[in-house]
Structure formats: C-alpha cells, structure tokens
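# Commentary on secondary and tertiary structure
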Protein chains: 2
Amino acid sequence: MKKATMRDLCDETGLSLGTVSKYLNGGQLKEKNRKKLDEAIERLNYRVDEYARGLITNRTRTVGIITTRLDNLFYSSIISDVETKLYEKGYAAIIKESGYDLSKEIKGIEWFLSRRVDALIIIPVGRKKEDYEILNEAEVPVLFLDSYIEGVRCESIVTDNEEISRHAIDWLISKGHKKISIILDKDNPYTAERRLEGYKQAFKENGMEEEDYRIYRINESIDSGYAVAKQIVTETDSTAIFASNYISTVGVVYLLNELDIRVPEDISVLGFDDILITSLYRPKLTIINQPIEKISQLAVDRLFELLSEENKEYKTHLLENELIIGKTVADIN
Amino acid sequence: MKKATMRDLCDETGLSLGTVSKYLNGGQLKEKNRKKLDEAIERLNYRVDEYARGLITNRTRTVGIITTRLDNLFYSSIISDVETKLYEKGYAAIIKESGYDLSKEIKGIEWFLSRRVDALIIIPVGRKKEDYEILNEAEVPVLFLDSYIEGVRCESIVTDNEEISRHAIDWLISKGHKKISIILDKDNPYTAERRLEGYKQAFKENGMEEEDYRIYRINESIDSGYAVAKQIVTETDSTAIFASNYISTVGVVYLLNELDIRVPEDISVLGFDDILITSLYRPKLTIINQPIEKISQLAVDRLFELLSEENKEYKTHLLENELIIGKTVADIN
DNA sequence: AGATAAAAATGAAACGATTCATTTACGGGA
DNA sequence: TCCCGTAAATGAATCGTTTCATTTTTATCT
C-alpha cells in the first residue's frame, strides 16, 4: 500500500487536480464535492507531500536554527522560546547542533539552504568573516544570536557584554578585590573577547596594570571549567573568580562543592547566565543575567520583518544585561 | 540572480542532466568534464535542491525527533547524544518540541510525515493508544523513548522504573522512613505510574498500608515541583521526599535552598536523573540515574536495524537504572 | 587498422504537488 | 425559457531532481 497522492484523490472523487489543490489550500468547494473529498482523504489517508509542494512554491514556512549543543541550557532556553513563538505564527523550527565545531556548523548551513528554509538563526562558533562566506550566497535572512562578526551578511542580536563585564569588575574592585581571575571560553570567541575587554577596562579605570590581569581560557565543557577553577583556587592567591559564561559558571560551582570551599570566605565568585544555578546552589550566586525573553522576542520580530522586506537591511542590536547581586562576593576592604 | 539548477550546469558545461546527476551523486567522470563541472558549480554557486531530490528518491536521510522541551536537560542530553550519532552515520536529525502538549506533538508527527523523514524518535506525552492512531498509517519506523504504550505501533526504549523505584523506597524504609512523600509528574504519565507502582510495592513488601501512601502530582515545571515540595515540608510530617523525575528534583532542591532546610537533618531527599544537580547542590543528593548513553546508543542502533529490515518487528527494551547513594538520606532507625 | 568490451554520456519520463488561463455549472431576473 | 454574471471546476505546464535503457566514446588487443 503506497502513499496516496492527489491524483488518487482525483480518481476516487472524479474531481480534477486543480480542484483538489484548491481545497487543500483552503479554497471553497461545492458542499457535495467537499464531502466526497473529505471522505476520500480520510479513506486513503492522504497527506500533502511537502517535498512536492515546496519544490513548486519555493516557500517552506520553515526556519533553520543552529545551536551549539542542546545541553547548553542558556542557548536551549533561547531556542525553546524562539521555537514556541515561531510555531504560533505557523512556522516550523528545525533545530540542529554544531557541537562547537565550525565545519559542522557550515555543513548545517548548507543542509538548511539545500532544504530551502525561509530563514536561518545561528548561534555561531566561527570568529572571522571568512568563515561565513557561504552566507553571501544565501538569499534568505540570517540572524546571529550572541555573536557579532564584522562584515558578515546577517542580522545580529547581542547583549552589551563589554559594559556589564566592566561594571561587574568595577564593582568587584570597589569591594576591595585586586586579584581577580577571569575564565573565558575559547569556543565563544565573540562574547569572550567582549567580556575580557570590559575586564581590562575596569582595571584601567581603577589604575591597575596589565600585570594584574589573570586570564584563563577554557573550552566549552563543564570539566574544563572545573579544572581551571581548581587551578585558580589551589595554585593562586586570587580573591575572586569571574566565570564569564554559563558553562564555566557551572564548572566553578561544581568545584566549590567538591572541595568544600567556603564562599565568599575563601574566595568570591561572580557568574554568568543564571539558568538553574541560583536555584540549586547556596549561597546565592552573584551573577550576570542576559535577557533571554527579550532576545528571543526580538529575534522573532526581526525575522518576520526581514522576511517581508524586499531589500533586506541588516542591523545589529545591543541589549542590556543585569548584575544580580547575591552572597558570593565578600567585601574585603 | 536566481538559484542555479542542474540545467544551468548543463548549459555551462555542455554536459547532460544524467551526467551531472551522476557526478553529484558520486559517480565517475572523465577528468576534463569533472573539471568543467567543478568550475561551473563553483561559478554558479550550485547547490542540490533537496526538495527536488527527495521528491523523486523518497529518501531524505533525515530523522524526526520530538522532545518535550529543550530546557528539560534530561531529554536534551539524550537527544544531543542521538543527534551526534546520527550525524556520524550521515543522517540529519530534525528536532521539534511538543511543549508537553499532545496536540502539538501529533501535529509534529504529521509535519514530519509530510516531510518524509526516514524515521521518527519521540518522547511522547500521550497516555493511551488512541492518541497515536496516526502512527498506524506511518510507514516509517517509530521509536518511543522513556515511555511505553500498549498497542502503539512502535519500538520502545524504557528503563526499569518500577524496579528501581521499589528498590529505592525499600532502602528508604530500611533506614527507618515510614512517612515518605512521592512527587509524580502528570505530564509524564508512563514513567510516573511505573514509579508509583514501585513505591506501592515497596510499601506492601514492608507490611505498610495504603493509608501510608503520600502521593503528590505536579505538572512538568520547576515551580510546580517547588510548590508541592513546600507543601510537603511545611504542612506535613514527612521524613522523606522522593522526587520521582528530573524537573521535580530540581524544584525540590530549589525549595531546600530557599527555605534553608537542612538535609538530611530536617528531611531526607531522594531524586531522579542527575544532570548537573549533584554538581551544583550540597550535600550530595541521593539520586536515581538512568543510563543516558545506553539509551541513545540503543536508540540509534535499533533505528538503523529497523530501517534496513523489510518486515519491521517492533520490540520493547528495558534498561536498568542505578541508585547513587549520596548524603541526603538520614538513618532514623 | 579493425574488432570488441568497458566506460561515459545521453535525454525522456517520472516524482507529486501548484498555477492559471479556460471552460463549465449555477442561480436569479426578465 | 433564455440570458448573463459569478462561482466552481478543469487540466496542461511547471518546479529541479533521479533513473535507466540507449547511444557514444575510449581503451585494449590482435
């Protein structure tokens, strides 16, 4: 028993292809024919073949999303939000992972373009515009989340990483901290560099020197964050750790638990992106939050604007972050 | 500038459709022609249209996956694993969310079937076989994860929820607990009922009565778990809480933190599915773990077996769980 | 050079829908 | 009953590939 086609419906009902097609797309039919068709559809288990339809209409009502890894809750929260919003507008999201691997990400983009998605949302892992030459050929709107790369043909939504980082470090310094280690994520080059920039700027503003920088780089794994945190705690005299992204924050907290380190008595801690963390860990972490809901709303809004615009004009959006003060930073003045 | 087609390649190179197609699918060409074609592909930015290809080949090398919500880390971990394994075999995973909404899940299935996925992997939210009648018409293999529903045409991979629950509660009782509250998730009817069954059985085996049951049901949200945990802690004299799934475990831990409840002095706690939890929370939670890696490996293995089999014979697999003993259960004998 | 087998290349038909310019059916007024 | 305007139905052409039975080219051996 093969899949039924529109032609089978025609045979069953005596109607023509055009009529069947019209009905399937919401057109009016005479009551009698409508009934016959409904019955035939039911009986034959007919279902539109989107491949045949897409081939001719060239619209798939489909948005391709590339995230890094599903088990990165920060990104998954955004994507989940975006998916829901797209669904409400009749669009389907197709989600793929890059696994922090640029070549897999690019293959994902090609896969999507071959599949005629109407638009692309990407959490990119590349770092230079040469990585994204493929996008110059893409005639669909493209939206980067959490990363901005000069010269790439796409819309970008990022938060003010530099400013919030500067602000947070400045605040740390005002609490008397001078030996502040920052943990950066190699796999997220854009945000990492912006956050490092803010760190440096705060140092500068407070008259501290380059020799005072304490910079550690990890790749995007909890274990990696854990290991570096251990190094900082056991081998240096840092008074504060700034875990500058979600995964490293989890890694640091993990270490604090494992080694039974008292916070903030033994060391002060500042984290990034509170997904679950302050629910599960005590004392309440001092943490920087990005506006997930705003990011996803803006993403969807802009996407539909771009879809409807004839001459797409790409913009870059900068959203504000927030420092939530918990109980993990000591005043050592 | 429109998208280039194979016919454009023919015009550019003087070759025929058949030849171009053959090359695109890995066939041999004379050196001279190969070169010409490569150049033309490059120059015209040609990319295969998978819609046209899929229409005729009827194979899309694509697996549809429906999960509940991306921010449920337990499921996302499995899906992420599965995606990676499929990718390595040349298959693309298309991921969609049901949001714990059966009608959205069914629409997702329809969407996938229309899109000719080669197979389906579902973390279902339905509870009876009538919910899945649509699958009887599906001619592709279907795999349910974390749920088994009698009479549904699909393969199922589940863990031995009943046995591990019985074992864990039995162990709790052996530590002197008699007032044990279990939190069940309405949105995961299958696992919830199996786990409840194990709870009841342990009670029976230990000569306890039905009047001793303390059963609480929540829906799949951390807040809901939090609220019920609060109720248990503040309004009852329970000596132990069994949070019988991931989300409720997170909710319970959240509450313990908020109210500064001492564990296990004030109350003993048993959780389910340790994703991040024991990394972030202290004392180390006593928790039941499901074998994520085994689940995803088995899922992929069976998927490919089913894809290659002519007459698909669906099985149900039961994997073993593990009780990891931490420090959140007091011996009150 | 000719015969022959193997390798390459050809191109029409097919996949299952939508589109649109025409044709047919219907209902109401004179 | 006839006419006419509108609504409904028609069906050939089309989208961009793959397939496969044929034909053409190339290479090898006498």
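The text that follows walks through the structure, step by step, so that each part is easy to find. (Residues numbered from 1 in each chain as written. Chains lettered and ligands numbered in written order. Predicted model: local features only at pLDDT ≥ 70, side-chain atom pairs only at ≥ 80, totals over all residues. Heavy atoms only, no water.)

Superposing chain B onto chain A takes a rotation of 180° plus a shift of 0.0 Å along the axis, which leaves an RMSD of 0.1 Å. What the superposition gives is, in effect, a two-fold axis relating one chain to the other. (Least-squares fit on C-alpha atoms with pLDDT ≥ 70 in both.)

To continue, consider the protein's contact with DNA strand D. Around DNA strand D, the surrounding shell holds 29 residues, and the nearest of these are S16, T19 and N33 of chain A together with M6 and R53 of chain B. The protein-proximal atoms of DNA strand D, defined as those within 4 Å of the protein, are 70% sugar or phosphate. Take T19 of chain A: an N or O atom from its side chain is 2.9 Å from a phosphate oxygen of DNA strand D. Between DNA strand D and Y46 of chain B, the relevant distance is 2.9 Å, taken from a phosphate oxygen to a side-chain nitrogen or oxygen of the residue. At five residues, helix α4 (residues 50-57) of chain B tops the list of elements feeding residues into the surface near DNA strand D. (Near = heavy atom within 4 Å. Polar contact = N/O pair within 3.5 Å; in protein donor to acceptor, adjacent residues only side chain to side chain. Helix = DSSP H or I, 4+ residues; strand = E, 2+ residues; numbered from the N terminus.)

Below, the discussion takes up the pattern of salt bridges. Residues and elements named next belong to chain B. For the structure shown, the criterion picks out 46 salt bridges over all chains. Among the salt bridges present, the one from R69 reaches D71, with a minimum N-O distance of 2.6 Å. Residue R69 is classed as partly exposed on the basis of its relative accessible area of 29%. Between E293 and K85 there is a salt bridge, with the nearest N and O atoms lying 3.4 Å from each other. With a gap of 208 residues between them, E293 in helix α13 (residues 292-308) and K85 in helix α5 (residues 73-88) connect regions that are remote in the sequence. Given the relative accessible area of 44%, E293 is considered partly exposed. (Salt bridge = Lys/Arg side-chain N within 4 Å of Asp/Glu carboxyl O. Buried < 20%, exposed > 50% of the residue type's maximum accessible area, 1.4 Å probe, protein only.)

On the chain A side, the residues contacting the 54 residues of chain B number 54 residues. Carbon and sulfur atoms make up 54% of the area that chain B and chain A hide from each other, which totals about 5,200 Å². The largest contributions to the chain B side of the interface with chain A come from R47, Y51 and L280 of chain B, which together make up 16% of the buried area. On inspection of chain B and its partner chain A, the count reaches ten salt bridges. Linking R116 of chain A and D49 of chain B is a salt bridge whose minimum nitrogen-to-oxygen distance equals 2.1 Å. Taken together, the connections running from chain B to chain A amount to 19 residue pairs in polar contact (both at pLDDT 80 or more). Listing elements by their share of the side of chain B that touches chain A, those giving two or more residues are α4, α5, β2 (92-97), α6 (102-114), α7 (134-137), α11 (246-258) and α12 (277-280) of chain B. (Contact = heavy atoms within 4.5 Å. Buried area = accessible area lost by both parts, 1.4 Å probe.)

In the neighbourhood of DNA strand C, 30 residues make up the surrounding shell, with M6 and Y46 of chain A together with S16, T19 and N33 of chain B lying closest. For DNA strand C, the backbone portion of the atoms within 4 Å of the protein, that is sugar and phosphate, comes to 67%. Between DNA strand C and the protein, one listed contact pairs a phosphate oxygen with a backbone N or O atom of M6 of chain A at 2.5 Å. At 2.9 Å from a phosphate oxygen of DNA strand C is found a side-chain nitrogen or oxygen belonging to S21 of chain A. Residue assignment for the surface near DNA strand C shows that the elements contributing at least two residues are α1 (6-13), α2 (17-24) and α4 (50-57) of chain A together with α2 (17-24) and α4 of chain B. Per-element tally for the surface near DNA strand C: the top contributor is α4 of chain A, with five residues. Residue classes in the surface near DNA strand C are distributed as eleven nonpolar, eleven polar and eight charged. (Nonpolar A, V, L, I, M, F, W, Y, C, P; charged D, E, K, R; others polar.)

The next point concerns the nonpolar core. A general trend in soluble globular proteins is that nonpolar side chains are found buried together. By size, the foremost hydrophobic cluster in this structure holds 107 residues, and its most contacted members are L86, L145 and Y246 of chain A together with L86, L145 and Y246 of chain B. With near-sequence residues (within four places) excluded, L86 of chain B lies in contact with V63, Y91, A93, V300, L303 and F304 of chain B. I106 and Y132 of chain A together with Y132 and V142 of chain B belong to the second-largest nonpolar core, a separate cluster that totals 42 residues. (Core = buried A, V, L, I, M, F, W, Y, C linked by side-chain atoms within 4.5 Å.)

This next bit is on the sheet that holds strand β7 (residues 214-218) of chain A. Residue and element names in this part refer to chain A. In spatial order, the strands read β7-β6-β8-β9-β10-β12; together these six strands make up an open sheet with mixed pairing. Of all strands in the sheet, those with a lone pairing partner are β7 and β12 (322-324), marking the two edges. Direction aside, the axes of adjacent strands within the sheet are offset by 20° on average. Alignment of strand β6 (residues 180-185) against strand β8 (residues 240-243), held across four bridges, turns out to be parallel. Its bridge partner being in β8, I183 is matched across the sheet by A243. (Pairing = 2+ DSSP bridges. Axes fitted to C-alpha atoms, helices over the stretch in contact; angles between N-to-C directions.)

If you add up the space inside the largest pocket, you get close to 1,300 Å³. Along the wall of the largest pocket there are 36 residues; nearest its centre are N58 and R116 of chain A together with K3, A4 and D49 of chain B. Going through the elements one at a time, α1 (6-13), α2, α3 (31-44) and α4 of chain B are the ones with two or more residues in the lining of the largest pocket. Here the lining of the largest pocket gets four residues from one element, more than from any other, and that element is α4 of chain B. (1 Å grid on protein atoms, 1.4 Å probe; cavity = no way out; pocket = protein on both sides within 12 Å on 5 of 7 lines; lining within 4 Å. Points joined across faces, edges and corners; volume = space filled by probe spheres on them.)

This brings us to the packing of α5 of chain B against α13 of chain B. Residue and element names in this part refer to chain B. Orientation of α5 relative to α13, taken along the N-to-C sense of each, is 45°, at an axis distance of 9 Å. By the angle between their directions, the pair α5 and α13 is classed as oblique. As for how α5 packs across α13, the hand of that crossing is right-handed. Contacts between α5 and α13 involve F74, S77, I78, D81, V82, K85 and L86 on the former and, on the latter, I292, E293, I295, S296, Q297, V300, L303 and F304. Here the contact of α5 with α13 is composed, by residue class, of nine nonpolar, three polar and three charged. (Parallel < 35°, antiparallel > 145°, perpendicular 65-115°, else oblique. Left-handed = near helix turned anticlockwise from the far one by under 90°.)

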